[in-house]
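So the chains spell out like this:
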Amino acid sequence: MKRIFKSEKPSFSPEDLKKSLDFDAMVKQTKTIKRIKFRKNLGIGGILVFSIVMLYLALFRNDKKTALKTETLLLKDEMRSTPINVYIWDSVKISTNDTTRIECGGGTYMLIPPGAFVAGSSDSVLVVYQFYQDWADILLNRIPMRYDSAGVRYNLVSDGMIQLYGFNEDGLVEINENIPIILTVPVTDASRGYNVYKLDTSTESWTYIGIPEVIEPTFEYGFTENLPEVENTDERKADIARLKRIKLEKPRQKNKEDFAFRIEFDRKDYPELAAYDELEFVSSDPGFNTDQFSKSWTDIQLTRKRGSKSYFVTLSNGIDRIQFEAQPVFSGNDYKKALKEFETKNKKLQKEIEEKLDELERLEAQNEAAIRARNKEVSRNSLKQLTAQNKVRRFRITSNGYWNLDYPIPIGFSFAKRIARPQYVSGEVVIQPLKGFLIMEGLRTYIEINPNNSFNINKNGSTRLLVMTSTDELYAVNKLELIPEDDGTYIFDMKKIEMEGKSVHEIKQSLGVQ
Amino acid sequence: MLSREAEVKQIEEAKKDPSKFGPIYEAYFHLIAGYVINRIHDFENAKDLIQEIFIKAMLHINKYQHRDVPFKFWLLRIARNELYNHVKKKEWTRVVQYNWDLLEEEIELENTLTEKQTNMLIAVLNDLNDADLEIIELRYFEKRSFAEVGEILQITENNAKVKTYRIIEKIKKELKK
């Protein structure tokens, strides 16, 4: 890296730069990059992989509409006719040799063990996934929710759905059935009997896989009961600061110009000066005057000045008393001796600081690791709390594709009445419901519209309904005001939700979904 | 500047639609541009870099979580990564824009630096590795707090302090030679 040190600022300012930059162009470029991001993530051979993926998805979706919407890579094909912006997929490149934990939000996480993907010699796999967190995502992504069991048709609900694929340079990689990916999902209601389903994309119906494991509060995930300690380093820091404040003064060598004088003192009282035979003192104190040496003094006292290498010299003779500050000066061998002593002491001090800093750095790193571990533990503990309430389910993902966790509701509730049918204007169908989502008395279910274009609903309940029509239009009604028909059925007015050019987020906002 | 509440709202909107990033761009442009032009003195390169930083921010804003780090530091971390990537890949010249005020005080120089001492100090700084020099730059030339230095470098405030003192000791030792 070439470095230049300069004290001058550049000739241009942030304002100059701002004038020359075009934010709209950046946004445009961001959208373009998003389009190619997936290819980029795959690295070498990315374009080839991308083509394989597209082909695979086109076949796998068993849908004639293979054209992809540019900004919504891997988007399910049944969305093609509605130009809305859906989420960009999440992708994580993982090492095939390590266990990877991927957080999907809301406490849901995937554990991908080593060897989960049949990735050949690749040491990494790109995991591309979407976790569907609410009903609007599922509805707007047009995920079919039909479930047939022994000739009985059901609508599935969802309390957690994932769509996941693994890729390497050679394209889609399968999941090893014997080393499955584990998905852990906190659910909303512990009393429900949850099931796991896998979407058969060729028939667009779900297949029952089994019952998820209820995570009992045994905390086999290695919850640490004893959180790592974070050691308080304040005292150590104060100690280092104290040592750093110590300023050892270099001994002063006597100059020819110095007015130096000797003082007789008891060497036992001043061990720091005892070793020097030729010790003299000099003074730069304004109170010091060389004339004072022409007077006779009967008493001379030497006292240390606190926190320094200076001394106070006090001279008195019964009449006068003067005091001035003086510093020892060394000459000849004394200087060499004093210098050596200073260097040894200084080295010792620096070494002590260095060792304490080393120890502090080690402790800080240890503390950082402990804080990270603690934070992780806090997040695990919230999951642990849900686990204690039996709200956590876990199941194995043994193949790529869509996996759903929840239970089926039979089409035709016993308490429901038929109320909906196509709406006509001048003999033409203007609303032909195809799929819907119903929020009803706390229940959430997807509506499979019956062949006669009607569906069942509890007209007396607190009901909210969303309907996706056969022409990719979205209609919603927040409060059903049912209008009775002569044939005993009911109709109601629905509001069309404009989707064109909007993101899923905006659509969800207009529906009042957070 | 955006209020904290407005910022959170704007970030959430930008996560869904990059064109909603506009107010964030306006609020943080000077912060990022300031960081860049302290290090890159070529107008075109600085412009490219700023553009890349904001594009990267828009691309990755989905991954930003309010609880992890204040948004300005999240942006500065992107700026730092992009700076090093560009300088390395494109062999740009990296400027260290110095200002001795704080450093003089820290290394306990009694008087203002003479030209000779300045050259010596530059030589000592130039011998520091990138990571150490960056700490000096953030702390003494850009006069950032230890907390800020820590946030940008993704280390704790205390670790930033310890590292800084180590580097200062190193500089002092080198200057004494």
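This is a predicted model, so every value here is computed, not measured.

The rules behind these values
Residues numbered from 1 in each chain as written. Chains lettered and ligands numbered in written order. Predicted model: local features only at pLDDT ≥ 70, side-chain atom pairs only at ≥ 80, totals over all residues. Heavy atoms only, no water. Buried < 20%, exposed > 50% of the residue type's maximum accessible area, 1.4 Å probe, protein only. Helix = DSSP H or I, 4+ residues; strand = E, 2+ residues; numbered from the N terminus. Core = buried A, V, L, I, M, F, W, Y, C linked by side-chain atoms within 4.5 Å. Pairing = 2+ DSSP bridges. Contact = heavy atoms within 4.5 Å. Phe/Tyr/Trp six-rings, centres within 6.5 Å; stacked < 30°, edge-to-face > 60°. Lys NZ or Arg CZ within 6 Å of the ring centre and 35° of its normal.

K.L.:
Explain unusual backbone geometry to me, please; I cannot follow it from the model alone.
P.N.:
The phi angle of most residues is negative, glycine excepted, and most peptide bonds adopt the trans form. Residue and element names in this part refer to chain B. Phi at Lys-143 takes a positive value of approximately 55°, unusual for a residue other than glycine. Residue classification places Lys-143 among the partly exposed positions, given a relative accessible area of 42%. One non-glycine residue, Gln-154, lies in positive phi territory at about 60°. Inspection of the secondary structure assignment puts Gln-154 in the loop between helix 8 (146–153) and helix 9 (157–176).

K.L.:
I would appreciate a short explanation of the nonpolar core in the present structure.
P.N.:
A general tendency of soluble globular proteins is for nonpolar side chains to be buried together. Ranked by internal contacts, the top residues of the largest apolar core, which has 71 residues, are B:Phe21, B:Phe71, B:Leu103, B:Leu125, B:Ile136 and B:Ile171. Core analysis: the next-biggest nonpolar cluster, separate from the first, contains 26 residues, A:Met110, A:Phe131, A:Leu164 and A:Phe395 among them.

K.L.:
What am I meant to see in the sheet that holds strand 19 (residues 392–397) of chain A here?
P.N.:
Paired through backbone hydrogen bonds, the strands of a sheet run either parallel or antiparallel to each other. All names here are of chain A. The 5 strands lie next to each other as 3-4-10-19-13, forming an open sheet whose pairing is antiparallel. The sheet is open, and its two borders are formed by strand 3 (100–105) and strand 13 (213–214), each paired with just one other strand. Relative to strand 19, strand 10 (residues 181–186) runs antiparallel, the two sharing 6 bridges. Residue pairing in the sheet places Thr-184 in a bridge with Arg-394 of strand 19.

K.L.:
How should I be thinking about the side chain of A:Thr233 in this particular structure?
P.N.:
Tracing the backbone through its elements, the reader meets A:Thr233 in the loop between strand 13 and helix 5 (234–245). Owing to a relative accessible area of 4%, A:Thr233 belongs among the buried residues under this scheme. The residues touching A:Thr233, leaving out its near neighbours within four places in the chain, are A:Leu360, A:Leu363, A:Glu364, A:Asn367 and B:Asn158.

K.L.:
Help me understand the side chain of B:His86, please; the structure alone is not making it clear to me.
P.N.:
With respect to the element layout, B:His86 can be found in helix 4 (residues 71–90). Overall, B:His86 belongs to the buried group, its relative accessible area being 8%.

K.L.:
Looking at this model, I keep getting lost on the packing of aromatic side chains. Mind explaining?
P.N.:
Two numbers describe a pair of aromatic rings. These are the distance of the centres and the angle of the planes. Inspection of the entire model under this criterion finds 25 aromatic pairs over all chains. Ring plane angle 70° and centroid distance 6.3 Å describe the contact between B:Phe21 and B:Phe54, whose orientation is recorded as edge-to-face. With B:Phe21 in the loop between helix 1 (4–16) and helix 2 (22–37) and B:Phe54 in helix 3 (residues 43–60), the pair connects residues that are 33 residues apart, well separated along the chain. Their ring planes at 15° and their centres at 4.3 Å tell us that B:Tyr98 and B:Trp100 sit as a pair that is stacked. An aromatic cluster is built from A:Phe259, A:Phe261, A:Phe265, A:Tyr270, A:Phe281, A:Phe288, A:Tyr311 and A:Phe324, whose rings are joined through pairwise contacts. Just above the ring of B:Tyr140 sits the side chain of B:Arg139; from NZ or CZ to the centre is 5.8 Å.

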